[in-house]
Amino acid sequence: MNNHASFAALVLAIPLAATAAPETYDIDPIHSFAYFAIDHLGVSTVRGRFDKSSGKFTLDRAAKTGSVEVVIDTASVSTGDNVKGARPRTRDEHLRSADFFNVAEFPQMTYKSAAVKFNGDAPAEIDGQLTLLGVTRPLTLKIERWTCKDHPMRKKPMCGGDASGTFKRTDFGMKYGVPAIGDEVKISINIEAYKQ
Amino acid sequence: MQDFLAHPAVQAAVVPLLVGLVVAAVLLPLRLSGLAAVAGFLAAVVLIGNFSFATLTATRKLVLLASAAPLLGVIADFAFKPARLAGLVLGVIFGAAGLWVFWAVLVQQPFVHGLRLAVGVAALVAWTVAAMMPLHGDPVRAGAAGVGLGIGAGVGAVLGASALIGQYGIALGAASGGFLLVVMLLGRRARAGASLVLTISVTATLLACAATLLAQLPWTAAAALGLVPLAVRLPLPDRTHAGIEAVIAVFYALVPAAGCLALAWAASRAGG
């Protein structure tokens, strides 16, 4: 009798275990971008974004754990200054050079984490590692907005939100132009991702 | 003072020129005036503040090699008289070292393209070193070549979108100018030596290659700088003051440098 009860409990538990399994989401590159903001001459804030990124994240809502990996194509940096006019080069071309993102030598920057903290049922903070210019340093991103639902037209499960954090670029060896061009960089990532 | 030293023109031109001048004058009795170029260049590196051993990027490896070149030059100056063969051997050595500097960039290219770039880097460095070495006994022509190569690589890099490499190149040119000022004032007593010609040839060509690989200086513009060691060999007037010789030699050196800049400008207009 005891054996039958155990077997029944095991059978009933299988679907529960299945729903508790980690879910993996692929980042939609068309609706996911990394933005940055940096002080310029102590006067204003210059903003830019990386037009190409990819990656995925996993969520285990039952265990309240998760992981994330975002790969950003540094050559896709854009601050909106892409017309030379009378100048030999644009700001975006300068940002791609060895002075800043050094895209020929370091074509990618990555953000990885296996430490997603939850607040209730939603992820609230990510303790991760940013790798930029070959240097890896910790970077915490606070998740300011998070939603999971079915895509309204495609009816496919999706999650998305906005996260941001700050780091000093000199910690990564990007020293050119400091302090005229600020050291502290605010990075914001907006992500939409579809369940695999 | 801090603001003054933070100005890019001070970092890349004023300080390297003064350091080059002082080092050339102070080390003249020791026959080490040729260290003026590396002293001025490293002064700029320190002031610009981009150097670190933490991650050895191509530009940081370049600084290391630029620092090592004059040490080898001093050994060459004092241990043996650099001959034509020494120029070829040192050219091959520094050509290979150039591949080490840019290795991380080269291996990320498609194979054939990466191979072409590698051959280009090695050939430009090797040629310029070999062509500059015979000038070790001629401080006027060697110093003038330093001005032409440094200004060409530096301003070319700025036109190619890298202010950092540009500042490094201009600093090399300014430091060579400091050396040349001492030659102009004191005559040919100031020795160039292998320490000067190696610093100039290795650093300037690596900077030009860096501006090509890490920014957008066209290859043709970098290659034009290879003509500087030939241009400074053009005849100088006999029995004139070293100052007049230096001015004419600098003019010769600036012709290929101007060609480099014209090609860099044309490429930027064409969208390349």
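For the structure itself, look to the data block above.
So, a few notes on the structure that sits alongside this text. (Residues numbered from 1 in each chain as written. Chains lettered and ligands numbered in written order. Predicted model: local features only at pLDDT ≥ 70, side-chain atom pairs only at ≥ 80, totals over all residues.)

**Side note on the environment of B:Leu159**
So, point 1. Looking at the element boundaries, B:Leu159 is found in helix α7 (residues 139-159).
So, point 2. Separated by 86 residues in sequence, B:Leu159 and B:Glu245 have C-alpha atoms that sit 30 Å apart.
So, point 3. Setting aside residues up to four positions removed in sequence, B:Leu159 forms contacts with A:Pro88, B:Leu261, B:Ala264, B:Trp265 and B:Ser268. (Helix = DSSP H or I, 4+ residues; strand = E, 2+ residues; numbered from the N terminus. Contact = placed C-beta atoms within 7 Å.)

**Digging into the interface of chain B and chain A**
So, point 1. On the side of chain A, 18 residues touch chain B, which itself brings 24 residues to the contact.
So, point 2. Listing elements by their share of the side of chain B that touches chain A, those giving two or more residues are α4 (58-79), α5 (84-106), α8 (163-186), α9 (193-213) and α12 (242-270) of chain B.
So, point 3. Take the side of chain B that touches chain A: its biggest share by element is 3 residues, from α8(B).

**Some remarks on the environment of A:Ser67**
Residues and elements named next belong to chain A.
So, point 1. Of note, Ser-67 is situated in strand β5 (residues 65-73).
So, point 2. Accessibility expressed as a C-beta count within 10 Å gives 18 for Ser-67, which makes it partly exposed.
So, point 3. Distance from Ser-67 to Thr-24, taken between C-alpha atoms, is 9.2 Å for residues 43 residues apart in sequence.
So, point 4. Leave out the neighbours within four places in its chain, and Ser-67 touches Phe-57, Thr-58, Ser-113, Ala-114 and Val-116. (Buried ≥ 20, exposed ≤ 12 C-beta atoms within 10 Å, placed from the backbone.)

**Points about the nonpolar core**
Residue and element names in this part refer to chain B.
So, point 1. Counting 141 residues, the largest nonpolar core has Ala-144, Ala-175, Leu-207, Ala-210 and Ala-253 as its most contacted members.
So, point 2. For this core, the element with the highest residue contribution is α8, accounting for 15 residues.
So, point 3. With residues up to four places along the chain from it excluded, the contact list for Ala-175 reads Pro-16, Leu-17, Val-19, Gly-20, Ala-36, Ala-37, Ala-39, Gly-40 and Phe-41. (Core = buried A, V, L, I, M, F, W, Y, C linked by C-beta atoms within 7 Å.)

**Quick look at helix α2 (residues 8-26) of chain B**
Residue and element names in this part refer to chain B.
So, point 1. Its 19 residues give α2 an end-to-end C-alpha distance of 26 Å, which sits within 8% of 27 Å, the value for a rise of 1.5 Å per residue.
So, point 2. For α2, the principal kink sits at Val-15 and spans about 30 degrees; a proline, Pro-16, occurs within the next four residues.
So, point 3. Within α2, the full set of buried residues consists of Gln-11, Ala-12, Ala-13, Val-15, Pro-16, Leu-17, Val-19, Gly-20, Leu-21, Val-23 and Ala-24.
So, point 4. Tucked into the core, α2 has its buried residues touching α1 (2-6), α3 (36-48) and α8. (Expected span 1.5 Å × (residues − 1). Bend = angle between axes of the 7 residues up to and from the residue.)

**Here we look at the packing of α7(B) against α9(B)**
Two numbers describe a pair of packed helices, the interaxial angle and the distance between the axes.
Residues and elements named next belong to chain B.
So, point 1. Axis separation between α7 and α9 bottoms out at 9 Å; the angle between their running directions is 15 degrees. Comparing the axis directions of α7 and α9 gives the class roughly parallel. Where α7 crosses over α9, the handedness of that crossing is left-handed. Along its contact with α7, which presents Ala-142, Ala-145, Gly-146, Leu-149, Gly-150, Ala-153, Gly-156 and Ala-157, the element α9 presents Leu-196, Val-197, Ile-200, Ala-204, Leu-207, Ala-208 and Ala-211. (Axes fitted to C-alpha atoms, helices over the stretch in contact; angles between N-to-C directions. Parallel < 35°, antiparallel > 145°, perpendicular 65-115°, else oblique. Left-handed = near helix turned anticlockwise from the far one by under 90°.)

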